Amino acid sequence: MDATTLGSLLVGVGAVVGAVVAFVGKRGENALTGYSGLTDQLQEERDRLDRKVGELLAERAEQSALRAADQAEIARLRLLITQLGGQP
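Note that the structure is predicted; figures quoted are calculated from it, not measured.

What counts, and at which threshold
Residues numbered from 1 in each chain as written. Predicted model: local features only at pLDDT ≥ 70, side-chain atom pairs only at ≥ 80, totals over all residues. Heavy atoms only, no water. Helix = DSSP H or I, 4+ residues; strand = E, 2+ residues; numbered from the N terminus. Areas by Shrake-Rupley, 256 points an atom, 1.4 Å probe, with all protein chains shown as cover. Patch = residues over 30% accessible without salt bridge, like charges linked within 9 Å, V, L, I, M, F, W, Y side chains within 5 Å. Salt bridge = Lys/Arg side-chain N within 4 Å of Asp/Glu carboxyl O. Buried < 20%, exposed > 50% of the residue type's maximum accessible area, 1.4 Å probe, protein only.

### Examining the overall build of the chain
Right, so step 1: For the chain, the helix and strand inventory stands at one helix and zero strands.
Right, so step 2: By element, 63% of the accessible surface of the chain is carried by carbon and sulfur atoms, the whole surface being about 7800 Å².

### Some words on a nonpolar patch on the surface
Right, so step 1: Together, Leu77, Leu80 and Leu84 give the surface a local cluster of nonpolar side chains, amounting to about 290 Å² of exposed area.
Right, so step 2: Among the residues examined, Leu80 registers a relative accessible area of 37% and is labelled partly exposed.

### Thoughts on the pattern of salt bridges
Right, so step 1: On inspection of all chains with the given rule, the structure shows two salt bridges.
Right, so step 2: A salt bridge links Asp47 to Arg46; its shortest N-O distance comes to 3.2 Å.
Right, so step 3: Taking relative accessible area as the criterion, Asp47 reaches 33% and is therefore assigned partly exposed.
Right, so step 4: The closest approach of N and O atoms between Glu73 and Arg76, which form a salt bridge, is 2.8 Å. Note that Glu73 and Arg76 are positioned in helix α1 (residues 3–83) at a spacing of three residues, about one turn of the helix.
Right, so step 5: Glu73 sits in the partly exposed class, given a relative accessible area of 34%.

As structure tokens, then:
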């Protein structure tokens, strides 16, 4: 095998190796991009759920306050009924 053939063969092998490296590198880049996208989606969903939990807790606190006010009114009305001679 002469030097020209050997050189051509080495260039060909180098090109194949270069193509494989580029292919593997691109797959890694795509995997990393997909992972980043998934992470962003999960963070957005977590933030949305945090807001929803906050809204539900605020609603629950409001309902608890209304229940306390209702209980106080019931106690006041029972006292009034008793003072007027009735039975609650």
